[in-house]
Amino acid sequence: MIRILITDGSGQCEGSLTHAEVDFIQIREPDLSSRELATRVRGLMRPDGPRILVNDRTDVAIACGAAGVHLRDHSVSPKVIRRIAPPGFVITVACHDADAVIRAADEGADYAVLAPIFAPLSKPLSGPPLGLETLRGIATCAKIPVIALGGVTSENAPLCVEAGAAGIAGITIFQRP
C-alpha cells in the first residue's frame, strides 16, 4: 500500500511521522515563497527517507531534485511536464470523479489521488464524499493506480484498499496523537 503524507501548511510535518511510515511526503505549503519552499524540500530529502512531492510547483520540484509533483485538478497537463522532467519523475493528479481519473491517465500521470472518499478531517467538506462504492468503480476501471484521500483513518484505510485503492493519502491519519 502506498502512503502519502500531505503537509498541513504549518511547516511541521517532521514531528508527525517516522520516515518509515510513509512512501511520499507531499509538501503542500502554499504560503511559502519559492526560496522558502526549495529550502523546505531540500530539508526533508533524505536518501533513506520518503520521496518528496511538491504541490503544484514543478519548477521547484525539478530544481531541488524532488521525486515529483502533485498537480491540482486544473494545473498544467502532465504531458507538458513530461517534456522537461527527468526520467522517473512522479506525477500525481488530484481527481474528484471518473472523468478526471481518465484524463489524468491519458495525460501521463503516474497516480490519481481521488477525493474525498469520506468527509475530510482537516478541512471543510466542499461536496458530498464519494464513498467506497464510487472508489471501487473508479479504481477497477482506472489505467493508473488510484490513491484514496479525504477522511481516511487507520480504521477505514483497509476498506479503501479492499475497494481497489493502491494506497492512501492524508494529513490527519499520519499525525501522532
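Okay, so let's go over this structure. (Residues numbered from 1 in each chain as written. Predicted model: local features only at pLDDT ≥ 70, side-chain atom pairs only at ≥ 80, totals over all residues. Heavy atoms only, no water.)

## Regarding the side chain of Thr7
Relative to the helices and strands, Thr7 is located in the loop between β1 (2–6) and β2 (24–27). Here Glu29 takes part through its side chain, which lies 2.8 Å from a polar atom of the side chain of Thr7. (Helix = DSSP H or I, 4+ residues; strand = E, 2+ residues; numbered from the N terminus. Polar contact = N/O pair within 3.5 Å; in protein donor to acceptor, adjacent residues only side chain to side chain.)

## Comments concerning the packing of aromatic side chains
Working definition: an aromatic ring pair is given by the centre-to-centre distance plus the angle between the planes. Under the criterion given, the structure shown has one aromatic pair. Considering the side-chain rings of Phe24 and Tyr111, the 6.4 Å spacing of their centres and the 70° angle between planes classify their relative orientation as edge-to-face. Taken together, the residues span a long stretch of sequence, with Phe24 in strand β2 and Tyr111 in strand β6 (residues 111–114) at a distance of 87 residues. Overall, the relative accessible area of 16% leaves Tyr111 in the buried class. (Phe/Tyr/Trp six-rings, centres within 6.5 Å; stacked < 30°, edge-to-face > 60°. Buried < 20%, exposed > 50% of the residue type's maximum accessible area, 1.4 Å probe, protein only.)

## Brief notes about the pairing of strand β3 (residues 51–55)
Extensive coverage of β3 is indicated by the burial of four of its five residues. Here β2 runs beside β3; their pairing, made up of four bridges, is parallel. Across the sheet, Ile27 pairs through a bridge with Val54, a residue of β3. Each parallel crossover has a hand, and for β2 linked through helix α1 (residues 34–44) to β3 it is right-handed. As judged from the three bridges shared by β3 and strand β4 (residues 68–71), these two strands associate in the parallel manner. Residue pairing across strands places Val54 opposite Val69, the latter belonging to β4. (Pairing = 2+ DSSP bridges. Right-handed = clockwise from strand over helix to strand, strands pointing away.)

## Things to note about the pairing of strand β7 (residues 146–149)
Examined bridge by bridge, β6 and β7 share three bridges and lie parallel to one another. Bridge pairing in β7 places Ala112 opposite Val146. For the handedness criterion, the β-α-β arrangement of β6, helix α5 (residues 131–141) and β7 is classed as right-handed. Bridge count between β7 and strand β8 (residues 167–170): three bridges; the pairing is parallel. Bridging across to β8, Leu149 finds its partner in Ala169.

Geometry only, nothing functional implied.
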